[in-house]
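Coordinate inspection notes
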Amino acid sequence: MTKLLDVKNLSVSFGGLKAVNQFEIQIGSQELVGLIGPNGAGKTTVFNLLTGVYTPTEGSILLDGNSLIGKGSNKIVNMGVARTFQNIRLFKNLSVIDNVKIAFQSQMKYSALAAVLRLPSYWKEEKLFEEKALDLLKIFKLENFAYQKACNLPYGEQRKLEIARALATEPKLLLLDEPAAGMNPSETNELMETIRLVKEKFEIAILLIEHDMSLVMGICEKVAVLEYGSIIASGSPEQIQNDPRVIASYLGESD
Amino acid sequence: MDFVLQIINGLHVGSIYALIALGYTMVYGIVKLINFAHGDVIMIGSYVVLLSLTELHVPFWIAIIVAVVFCALLGMLIERFAYKPLRNASRITPLITAIGVSLLLQNIAMKVFSANPKPFPNVISGEPFQFGGVQVGQVTIYTILISVVLMVLLELFVLKTKMGKAMRAVSEDAGAATLMGININTTIAITFAIGSGLAAVGGALYSTAYPIVDPYIGSMLGLKAFIAAVLGGIGKIQGAMLGAFIIGITECLTKGYVSSQLSEAVVFAILILVLLVKPAGILGQNIREKV
Amino acid sequence: MNVLKKKIPSYIVNAISVIAIYLIISQLVWIGVINNYYLGIIIVIGINIILSTSLNLTTGFLGQLTLGHAGFMSIGAYASALFSINANLPESIEFYFALLVGGICAAIVGILVGIPALRLRGDYLAIITLGFGEIIRVIILNLDFTGGAKGLFGIPYATNFTNVFFIMLLTIYIIWTVIDSRHGRAIKSIREDEIAAEAAGVPTTYYKLFAFTLGSFFAGIAGGLYSHYILIIDAAKFDFNRSIEILVIVVLGGMGSLTGAILAAVTLTILPEYLREFSEYRMLIYAVILIFAMIFRPKGLLGTSEFSLLKVFQFIKRKVIG
């Protein structure tokens, strides 16, 4: 069986510094994989490489057998990889629902002329995607905020909106960059529950960056550990928890 | 020979542009603002020099010092009242106040001095120097010398003094600089003072070369100096100097060999071409946005 | 909620108000309350509204600072004027063809400038457009068929209140319907966060160029109206200061607010006329107002919100009846 995402030998350097070095990962469809590692290990850089924000110096990224190298960010989104950001990047002054509707961009087809003439295609699609957007917001219990500005949402809600926006692009693979950052334990548990639900409902694969080890271990089927830009271990949560190199680098050397 | 002469002329205007460009580049480096009013500070500087010469009958070098002090204060005043209240606003807002200040200074000058151009006295006279077969006027020599000395002094100031270090720190990261105990307000005020002071010298030197002062001389002069700063890499002191000399020489060569009217268009065209190849200017570094 | 039903009432209110404004002004002209001097100001207001709403598209909605809008206006002005002078079409349609030619020429130049310039972020686009405006001005000065420094003469008189009013309406309508669509949302998302827009699947390069070109097109139309109104044009009428004037209207009205731009265009066209009595101090006062407006209301008159007649009526209704 071919993997949904197949990354080999991925490397990138910034002015002599190898931020990511020979990174490899395989993700099957509908797999939930955790990517962990200490601060500065290059986790977010991996996301930036996968989504075309940075161009890798070497290596290959295949999604369903198609290369993502050299493709623009928005092309990659349309091919089926969506992401969230570590430091939330919403369209702050636009309404919550518009944040989601923008991500329907490639699915909406009416032309600018149809918009100016207010042809039936305009009304039909606007109505359809307004409803679709509300459905998505409901999953994250955001429907009551739909017509408020995104910047007025509480922090945790903003993170959820970012996930909703990413889902609106109809991805096959969703990259979540520390989705629970800044949340308290009960909020985090709730969010993880939602993530699992989303995975089932939309039948997508998820790659998740997280600091909180226990949390990753709780929901991920597979975990990869990154250190100094390279994968040092990967496998099931149990394997990772017992891997001596991971314990040494991540949990600290035990005397 | 004509070619050499054009190059020397280019260095002459280039060094004036450099003095002015330094003001743009320092201010941009530290508050990320295109200070549209900078050109008009030059104009005010020229008028102050002119008044000192004709009304106070002081020697030229004292007139320049008077203008430097006046413009430094003016620069600080503008910063305090027009830009400081907007330091946290979106970047386009202070840009608009800068345009407002520019209009204000022009119109004040028009009220006080009238729109008619005033002649500027001949202050640097004397025999032109001979280099081989090329005659170089004393004004040219003095202008280039004064500019180079000031640029070296500025470079030393920024690299060696405590205030210079504070300036570099604030332009790097204002928030972190505050945490390190640097007084941002003072640092920014001093930056404006130095930039405006240099502009006054630039204005004085410009007026000795093109002996006419009117309320609008600052606009085009400022614009070209600004282009020089961008061309060299805005925020970089050496960039401003490099850009200024390139602009000055290009302009003189175009005037000499192509057409004097097209010189401005050529200057802009060079800027656009350079930015397309190096978006941050010749010496500028492309800063990657952190994602 | 049905999108259609939500929007219909405001469409009706706006349509009725617009027709009312037109009828009132034309009646006032008819009975002589509005003389030629005031009518001239009204025509200039109309042209300024087209200029500021179109600049608002790039600067307000797309979030890219442009300092060369007058350059695009001048291309439209010259192209349409040259068309009118040289073409021999029936009088009734020639003017509209001329305007279209002006708009299309400006749009083509917009694409040519935009493709390289829009790759640059932030202030650099401002500088490139500024440079472009100056280059256009110098080129016009040095060409023969533009009349050079003497200016271009013999443009037929064709711009009047009625056609300015309806072309202005059409401009506002088109820009507003584009903004209120998936295309407009894409444009606004670029202003909010370009990287996030890409991550949401928005082809940012395409939409930047789209907005920039559309803005240039309407600047060209405005230029055409202008040249057929003042009849003699020269390069100095489209200099950097003109670009700044338009930008100031947009910023004072509120970047990203069409109604704000319209209100500001009206106010800022009338204001200098009032200040004419203190003509010596006119620009001085204008400058001071500009500075104070920015310090005390940095987001402009309306910020990014829109003024809605429907909401005003509903408010009055609530106050009076309820």
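Quantities reported herein were computed from a predicted structural model and do not represent experimental measurements. (Residues numbered from 1 in each chain as written. Chains lettered and ligands numbered in written order. Predicted model: local features only at pLDDT ≥ 70, side-chain atom pairs only at ≥ 80, totals over all residues. Heavy atoms only, no water.)

**Here's the deal with the overall build of chain A**
For clarity, the threshold we go by: Numbering of helices and strands runs from the N terminus, with a helix taken as a DSSP run of H or I at least four residues long and a strand as a DSSP run of E at least two residues long. Exposure classes here rest on a 1.4 Å probe applied to the protein chains alone. A residue is buried below 20% of its type maximum, exposed above 50%, and partly exposed in between. Whether two residues are in contact is decided by their heavy atoms, any of which lying within 4.5 Å being enough. The protein chains shown are the only cover counted for residues, whose accessible areas, like all others here, come from Shrake-Rupley with a 1.4 Å probe. Neither His nor the chain ends contribute to the count of charged residues, in which Lys and Arg are positive and Asp and Glu negative. Every charge is mapped to an atom, namely NZ of Lys, CZ of Arg, CG of Asp or CD of Glu.
A count of helices and strands for chain A gives 10 helices and 10 strands. With the C-alpha coordinates aligned to their principal axes, the bounding extent of chain A is approximately 70 × 40 × 40 Å. Out of the 255 residues belonging to chain A, those deemed buried represent 56%. Of the contacts made within chain A by residues no fewer than 6 positions apart, 66% connect residues no fewer than 24 positions apart. Accessible surface for chain A amounts to roughly 10,800 Å². Of this, 50% is attributable to carbon and sulfur atoms. Distance between charge centres in chain A, computed from 27 positive and 30 negative side chains, equals 8 Å.

**Some points on the sheet that holds strand 4 (residues 58-63) of chain A**
Residue and element names in this part refer to chain A. Formally: DSSP-based pairing: two strands are paired if at least 2 bridges between them are found.
Strand order in the open sheet formed by 4 strands is 2-1-4-5, and the pairing between neighbours is antiparallel. The outermost strands of the open sheet, each flanked by one partner alone, are strand 2 (17-27) and strand 5 (66-67). In the sheet, strand 1 (residues 5-14) pairs with strand 4 via 5 bridges, with the strands oriented antiparallel. Paired with Val 7 across the bridge in strand 4 is Ile 61.

**Here we look at the confidence of the model for chain A**
Just so we agree on the cut-off: Per-residue confidence from the predictor is reported as pLDDT, a score between 0 and 100.
Scored by pLDDT, chain A has a mean of 90; 97% of the residues are at 70 or more. Predicted confidence in chain A is weakest over helix 10 (residues 244-251) of chain A, with a mean pLDDT of 76, and strongest over helix 3 (residues 96-102) of chain A, with 96.

**Considerations on the interface of chain A and chain C**
To keep things clear, this is the line we draw: In this description, buried area is defined as the sum, over both parts, of the accessible area (probe of 1.4 Å) that is lost when the two are combined. One side-chain nitrogen of Lys or Arg within 4 Å of one carboxyl oxygen of Asp or Glu is enough to make a salt bridge. Polar contacts, as used here, are pairs of N or O atoms within 3.5 Å; protein pairs need one atom able to donate a hydrogen and one able to accept it. Residues neighboring in sequence count only if both atoms are side-chain atoms.
Taken together, the contacts link 35 residues of chain A with 34 residues of chain C. Interface area for chain A against chain C, summed over the two sides, is near 3,000 Å², with a carbon-plus-sulfur share of 60%. Per-residue buried area on chain A facing chain C is highest for Gln105(A), Val116(A) and Trp123(A); these three make up 21% of the total on that side. Linking chain A with chain C are 3 salt bridges. Across the chain A-chain C interface, the total number found is 18 residue pairs in polar contact (both at pLDDT 80 or more).

**Regarding the nonpolar core**
Here is the rule: Among the buried residues, those of types Ala, Val, Leu, Ile, Met, Phe, Trp, Tyr and Cys that are joined through side-chain atoms within 4.5 Å form a nonpolar core. By convention here, the domain bounds are inherited from an automatic or database domain assignment.
Core analysis: the biggest nonpolar cluster contains 256 residues, and Val100(A), Leu137(A), Leu161(A), Leu174(A), Phe36(B) and Leu67(C) have the highest contact counts within it. At 13 residues, helix 1 (residues 2-31) of chain B tops the list of elements feeding residues into this core. Here this core spans two domains, and each of domain 1 (1-80 + 170-255) and domain 2 (91-159) of chain A adds at least three residues to it. Setting aside chain neighbours within four positions, we find Leu161(A) in contact with Leu90(A), Val96(A), Asn99(A), Val100(A), Leu137(A), Leu142(A), Ala150(A) and Leu153(A). One finds Leu10(A), Val12(A), Phe47(A) and Leu173(A) within the second-largest nonpolar core, a separate group that totals 30 residues.

**Some remarks on a nonpolar patch on the surface**
Worth spelling out the cut-off: Only residues whose relative accessible area exceeds 30% and that take part in no salt bridge are eligible for patches, with like-charged residues grouped when within 9 Å of each other and nonpolar side chains (Val, Leu, Ile, Met, Phe, Trp, Tyr) grouped when within 5 Å.
A surface patch of nonpolar side chains, about 520 Å² in accessible area, is lined by Trp61(B), Ile65(B), Val69(B), Leu73(B) and Met76(B). Relative to the helices and strands, Leu73(B) resides in helix 3 (residues 60-83).

**Focus on the side chain of Asp177(A)**
Residue and element names in this part refer to chain A. Its location among the elements puts Asp 177 in strand 7 (residues 173-177). A polar atom in the side chain of Asp 177 sits 3.1 Å from the side chain of Thr 44. Non-local contacts of Asp 177, meaning those with residues more than four positions away in its chain, are made with Thr 44, Phe 47, Arg 83, Thr 84, Phe 85, Gln 86, Arg 159 and Ile 209.

**Thoughts on the packing of helix 3 (residues 69-86) of chain C against helix 9 (residues 204-230) of chain C**
Residues and elements named next belong to chain C. Our working definition: Axis definition: a line fitted to C-alpha atoms, limited for helices to the stretch in contact. Angles are taken between N-to-C directions and run from 0 to 180 degrees. To sort the angles, those under 35 degrees are grouped as roughly parallel, those over 145 as roughly antiparallel, those from 65 to 115 as roughly perpendicular, and the leftovers as oblique. The sense of a crossing depends on the near helix, which, turned anticlockwise from the far helix by less than a right angle, makes the crossing left-handed and, turned clockwise, makes it right-handed.
Contact geometry of helix 3 with helix 9 gives a least axis separation of 6 Å together with a crossing angle of 50°. One finds that helix 3 runs oblique with respect to helix 9. By crossing handedness, the relation of helix 3 to helix 9 is classed as right-handed. Here helix 3 contributes His 69, Phe 72, Met 73, Gly 76, Ala 77, Ser 80, Ala 81 and Ser 84 to the contact with helix 9, which in turn contributes Phe 212, Gly 215, Ser 216, Ala 219, Gly 220, Gly 223, Gly 224, Tyr 226, Ser 227 and His 228.

**Details of the pairing of strand 4 of chain A**
Residue and element names in this part refer to chain A. As defined by bridge partners, strand 4 adjoins strand 5 across 2 bridges and the pair is classed as antiparallel. When the sheet's bridge partners are listed, Leu 62 is paired in strand 5 with Ser 67. What sits between strand 4 and strand 5 in their antiparallel hairpin is a turn of 2 residues, with Asp 64 showing a positive phi close to 55°.

**Brief notes about helix 9 (residues 217-232) of chain B**
All names here are of chain B. Applicable threshold: The length a helix should cover is 1.5 Å for every residue beyond the first.
Between the first and last C-alpha of helix 9 there are 23 Å, a value that for 16 residues agrees with the 22 Å anticipated at 1.5 Å per step. Of all the 16 residues making up helix 9, 14 are buried; the element is thus mostly covered by neighbouring parts of the structure. Gly 233 occupies a position one or two residues after helix 9 and carries a positive phi of about 115°.

**As for the environment of Ala228(B)**
All names here are of chain B. Within the element layout of this structure, Ala 228 appears in helix 9. Linking Ala 228 and Gly 248, residues 20 residues apart in sequence, is a C-alpha distance of 8.8 Å. Once residues within four sequence positions are removed from consideration, Ala 228 is found in contact with Ala 21, Gly 239, Ala 240, Gly 243, Ala 244 and Ile 247.

**Topic: the domain arrangement of chain A**
Residues and elements named next belong to chain A. When the domains of chain A are assigned, the result is domain 1 (1-80 + 170-255) and domain 2 (91-159). A C-alpha centroid distance of 28 Å is found between domain 1 and domain 2. With 14 residues of domain 1 in contact, the opposing surface of domain 2 contributes 10 residues. Buried surface at the junction of domain 1 and domain 2, both sides included, amounts to about 790 Å², of which 63% is carbon and sulfur. At the boundary of domain 1 with domain 2, the tally comes to 1 salt bridge. Here Glu 170 makes a salt bridge to Lys 132, at a shortest N to O gap of 3.9 Å.

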